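An overview of the molecular structure
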Amino acid sequence: MLRAGIVGLPNVGKSTLFNAVVANAKAQAANFPFCTIEPNVGIVAVPDPRLGVLAQISDSSEIVPARVEFVDIAGLVQGASQGEGLGNQFLANIREVDAIVHVVRCFENEDIIHVAGSIDPARDAEIINLELALSDLAQLEKRLDRARKQAKKDKEIQAEVEAIEKLLPALNEGQSARQISLTLEEELLIKPLGLLTRKPVIYAANVSEDDLATGNAWVEKVRAIAATEQAQVVIVSAQVEAELVDLSQEERTDFLESLGVEEGGLQSLIRATYELLGLRTYFTTGPKETRAWTITAGMVAPQAAGVIHTDFERGFIRAETIAYSDLVTFGSMGAAKEKGLVRSEGKEYVVQEGDVMLFRFNV
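All of the points below concern the structure found in this document. (Residues numbered from 1 in each chain as written. Predicted model: local features only at pLDDT ≥ 70, side-chain atom pairs only at ≥ 80, totals over all residues. Heavy atoms only, no water.)

1. Description of the pattern of salt bridges
Taken as a whole and assessed by the stated rule, the structure comprises 19 salt bridges. A salt bridge links Glu-229 to Arg-178, with the shortest nitrogen-to-oxygen separation between them at 2.5 Å. Remark: Arg-178 occurs in the loop between α5 (155-172) and α6 (184-190) and Glu-229 occurs in helix α7 (residues 217-229); sequence separation between them is 51 residues. Of the residues examined, Glu-229 reaches a relative accessible area of 13% and is grouped as buried. Taking the relative accessible area as the measure of exposure, Arg-178 reaches 21% and is therefore partly exposed. A salt bridge links Glu-320 to Arg-360, with the shortest nitrogen-to-oxygen separation between them at 3.2 Å. With Glu-320 in strand β10 (residues 316-323) and Arg-360 in strand β12 (residues 355-361), this residue pair connects regions lying 40 residues apart in the sequence. What you see here is one network of salt bridges that share partners, running through Arg-3, Glu-69 and Glu-96. (Salt bridge = Lys/Arg side-chain N within 4 Å of Asp/Glu carboxyl O. Helix = DSSP H or I, 4+ residues; strand = E, 2+ residues; numbered from the N terminus. Buried < 20%, exposed > 50% of the residue type's maximum accessible area, 1.4 Å probe, protein only.)

Have a look at this one:
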């Protein structure tokens, strides 16, 4: 399951956003720093209207969406890498996620205290990024000492030493590890270190309700920061998300349209995360259930089958495949087969976004 960690300074709207997008979230959202004492974890369904359409075609008894795990991590402050605030225990939590959602405050509200006394997204983002870089720097320096001793007897360890030595200069200058090119081999060697600044980042610019459709000058500052890191920016409003929680789907749609937007923050965040990580969705459908499966772009059919069960990959024979749009156009698998649109794909087939698949395999 995809895991995304929500980070940022205290009082930027992290826990409010988390509570809103995770239906059963229990995180406390309060107007003081460190209101999140333990990382809160919530699992949310990935919104996908295609599931309902497929379920209707197959007369499915159940719909099973893909899921994303969000981890709300306590507010970091300057000096966190040296243990300030609640310090390293929260940095350790971030090492376990696939992507980082960096919430940056882009709204003014006199009733909500800012720990630095003013709104400045560039400063706030720099504080967090520097703390993550310093934490990585300490991690790499510690590993480098041991690796150099081990490298005398192990050539593979020597390759790890060289990868670390590539990263250290950038981190010493306050840059992120994402900005350094590594070979695939080097990438695999440093992966166990869980470098924070190597993880993909989405900046969530948290705005007021009035700025959700257009953004504001603060959002432009966030975009400028993201451009230097090849990161993505999503405009969200924790205030709006909190208001959406108690509305029906129809009321949500009407409310969002009145604000000039088509989707809420949850959909925006998940879509951006999928794009950032190069993820794709394929479907299985039948009378029992219609289900969405998440794979990495470029996966071939046996690998996609293995996401369901390792036996499917091991005994893979072929995959009966049809594009979602073709199945919807003809209204049934039988009608699509008559038109020759259901294909029999083998082991080399690269699964496409929206494929509807039925795997044949030997037990």
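From this point on, the discussion continues.
2. Considerations on the packing of helix α4 (residues 121-150) against α7
Where α4 meets α7, the axes come as close as 8 Å, and the angle between the chain directions of the two elements is 35°. Between α4 and α7, the contacting residues are Pro-121, Ala-122, Ala-125 and Asn-129 on the first element and Trp-218, Val-222, Ile-225 and Glu-229 on the second. (Axes fitted to C-alpha atoms, helices over the stretch in contact; angles between N-to-C directions. Contact = heavy atoms within 4.5 Å.)

3. Things to note about the packing of α4 against α5
Put simply, α4 and α5 touch, their axes get as near as 9 Å, and they point 150° apart. Considering the angle they form, α4 stands roughly antiparallel to α5. In this structure, α4 meets α5 at a crossing whose hand is left-handed. Across the interface between the two elements, Ala-133, Asp-136, Leu-137, Leu-140, Glu-141, Arg-143, Leu-144, Ala-147, Arg-148 and Gln-150 from α4 touch Ile-157, Glu-160, Val-161, Ile-164, Glu-165, Leu-167, Leu-168, Leu-171 and Asn-172 from α5. Partitioned by chemical class, the residues of the contact of α4 with α5 number eleven nonpolar, two polar and six charged. (Parallel < 35°, antiparallel > 145°, perpendicular 65-115°, else oblique. Left-handed = near helix turned anticlockwise from the far one by under 90°. Nonpolar A, V, L, I, M, F, W, Y, C, P; charged D, E, K, R; others polar.)

Keep in mind these numbers describe shape, not what the thing actually does.
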